[in-house]
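Spelled out, the chains give:
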Amino acid sequence: MKLVVDNLDVRYGGVHAVRAVSFSVGAGELVGLIGPNGAGKSSTLNAIMGLIPAGGSVRLGDEELLGRRPEEIARTGLALVPEGRRIFSELSVEENLRLGLAGRRARNGPSTPFDGVYEQFPILHQFRRRQAGLLSGGQQQQLAIGRALVAEPDVLLLDEPSLGLAPNVVDFVFAALAVVRERGLAVLLAEQRAQRTVAAADRSHVLGGGELRLTLGPQDADDTDKLVGAYLS
Amino acid sequence: MTVTWQNLADGFSLGAIFALMAVGVGLVFGVLRLVNFAYGQLVMAGAFALALASQWGWPLWAGIVLCFAVVLALSLVMDRLVFRPLRGHSPAVMLVATFAVAFLLENIALLSFGSLGKIATSVTSLNRPWDIFGVQIRRIAVVAVIVAAACLLLLQLLLTRTEIGLHMRASSMDFATARMLGVRANRVIAVAVLISGALAAIVAVLLTVQSPLVTPDFALQNTIVVLAGVVVGGLNRPIPATLGGFSIGFATGLLGGALPTNQSQYLHAFVFAAVIVVLLVRPRGLFDFSRTVERV
């Protein structure tokens, strides 16, 4: 399934946060969305997920998603790992994962729907009865990604998953995303860590002031001038 | 002041009834962030259904069925016509709207049935005393406690053991994130409103047995006391709400029976003064022991 974003437009009152942004993410692709704070990365992801109103078009396969409610969009095969993780800290780890099942399309999926996630993130299995708020930041990020994955989405959206994590945990998160892409999901990753993202993604779009400024490939990851230039342009 | 066994039993049964109302109010608050001031009018409507059924000579069970039907239908109508269109508005707007609904319903009852009200005669059999080890206890006191305990246990099982229960709990913690994960907002709200309505219907039956004279302001004062109890206990979580509702109901029932009449008229003044003190000392509620654990 291919996610196609066409002429996406988001306004908050007088602020034009996203201006006519167009891009696409195919199955098995990892696409980066980079840019400084306030560039419109979160607005783009939230608009795709139906959390904020937007103009333009967002299609998954042949289905138009724009204008639908977020719970319906979740059920068409999109899952968002939101900024700040937004896990339910008073619920247990496993209850958080069970909530992820709400977005699963096939009602009678596997009887042990968490096996895949527990295999990828063993710490979640070990702490499955623990209150989610007691996990460390990195563990909570694994939970947020796992919660999105149990819905078995076609498209995984991530909003700054590396924010506030220790460097070795950031490595772990990027490695996990590589595994997810290998499985054939379309992955859209919004990040401030430009260099890491450009290196990991098939292509990375640079957002600035709500507009798509340019597109970088993995070969540009070590081209510091180009990266810095992209941010300052 | 002398406390008799009957006073204690009255305290327990009023506490049980108030606990049910507190949970009913708290459930809807959890998912809609709306304090439903019109909750008492749901109970009033159910009580009138019982009174009418007994006037028509219906058997008790048919009256109870009618009571449930009326209260549940009214709950759904309230949700569709008032709560849903106002969802997401400021709490002040929603509170004022439920005030309006409350007085609308009360005045409809006033126009339809007059201020003198009706008597539900069919339920009085439950009001006779039982002789337990030489102590006279009204049956309704025992029935109320058992019914309330069973309802709250069932509700707790629903909330902790079922999928819809998990969705309801998550929605009351962070509705936006729950919806983002695919939790159906309208279904969660409808279930909360229906359970809340069912509790109102049960309360209507229990209260009507205790005081069979049904007037348009039936349960109005109780609702105010319960809202105070919910605030004392802590909104949003069933167990604190239960404890809050129970303790304020128990205090009211016990003192109301035990104090001589010339003192019990000050009872509500004392109860609300106590509520103010509690809110000053423990703003998050008397029974909210949850630690906020959040890591960044």
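None of these values were measured; they are calculated from a predicted model.

(A) Region of the structure containing the nonpolar core. Leu3, Ile48, Leu78, Leu157 and Leu188 of chain A together with Leu20 and Val43 of chain B are the most contacted members of the largest nonpolar core, which totals 122 residues. With 16 residues, helix H8 (residues 185-210) of chain B is the largest single contributor of residues to this core. Apart from the residues lying within four places of it in its own chain, the contact partners of isoleucine 48 of chain A are Leu3, Val5, Phe23, Val58, Ile73, Leu78, Leu157 and Leu188 of chain A. Ranked by size, the runner-up nonpolar core spans 34 residues in total, among them Ala79, Tyr118, Val150 and Leu177 of chain A.

(B) Seen up close, the packing of helix H5 (residues 139-161) of chain B against helix H6 (residues 163-173) of chain B. All names here are of chain B. One way to put it is that H5 packs onto H6 with a least axis distance of 5 Å and a crossing angle of 85°. Of the possible angle classes, the one that applies to H5 and H6 is roughly perpendicular. Contacts between H5 and H6 involve Leu158, Leu159, Thr160 and Arg161 from the former and Glu163, Ile164, Gly165, Leu166, Met168 and Arg169 from the latter.

(C) Broad picture of the pattern of salt bridges. Taken as a whole, this structure holds 15 salt bridges over all chains when the rule is applied. With a closest N to O distance of 3.2 Å, aspartate 174 of chain B and arginine 86 of chain A form a salt bridge. Placement of the pair is aspartate 174 of chain B in the loop between H6 and helix H7 (175-180) and arginine 86 of chain A in the loop between strand E6 (78-81) and helix H3 (93-100), with the two residues belonging to separate chains. Taking the relative accessible area as the measure of exposure, aspartate 174 of chain B reaches 18% and is therefore buried. On the basis of relative accessible area, arginine 86 of chain A is assigned to the partly exposed category, the value being 37%. For aspartate 154 of chain A, the salt bridge is made with arginine 105 of chain A, and the minimal N-O distance between the two is 2.9 Å. Here the residue aspartate 154 of chain A occupies a position in the loop between helix H6 (137-149) and strand E7 (155-159), and arginine 105 of chain A occupies one in the loop between H3 and helix H4 (115-120), the gap between them amounting to 49 residues.

Rules of the game
- Numbering of residues starts from 1 in each chain and follows the order in which that chain's sequence is written.
- The naming scheme follows written order: chains are lettered A onward, ligands numbered 1 onward.
- With pLDDT at 70 or above as the cut-off, local features in this predicted model cover only qualifying residues; side-chain atom pairs require 80 or more to be listed or tallied, and sums for whole chains, interfaces and linings still use all residues.
- Side-chain metrics in this entry use all non-hydrogen atoms of the structure; hydrogen atoms and water are not considered.
- For this analysis, a nonpolar core means a set of buried residues of the types Ala, Val, Leu, Ile, Met, Phe, Trp, Tyr and Cys, connected via side-chain atoms within 4.5 Å.
- Whether a residue is buried, partly exposed or exposed follows from its accessible area with a 1.4 Å probe, protein chains only, as a fraction of its type maximum: under 20%, in between, or over 50%, in that order.
- Helix and strand labels come from DSSP, where a helix needs a run of H or I of at least four residues and a strand needs a run of E of at least two; each type is numbered from the N terminus.
- Only heavy atoms matter for contacts: two residues are in contact if any of them lie within 4.5 Å across the pair.
- With axes taken as lines fitted to C-alpha atoms, and helix axes fitted only over the stretch in contact, angles between N-to-C directions fall between 0 and 180 degrees.
- Working rule for angles: under 35 degrees goes down as roughly parallel, over 145 as roughly antiparallel, 65 to 115 as roughly perpendicular, anything else as oblique.
- Every case where a carboxyl oxygen of Asp or Glu lies within 4 Å of a side-chain nitrogen of Lys or Arg is listed as a salt bridge.

As far as function goes, none of this settles anything; it's purely spatial.
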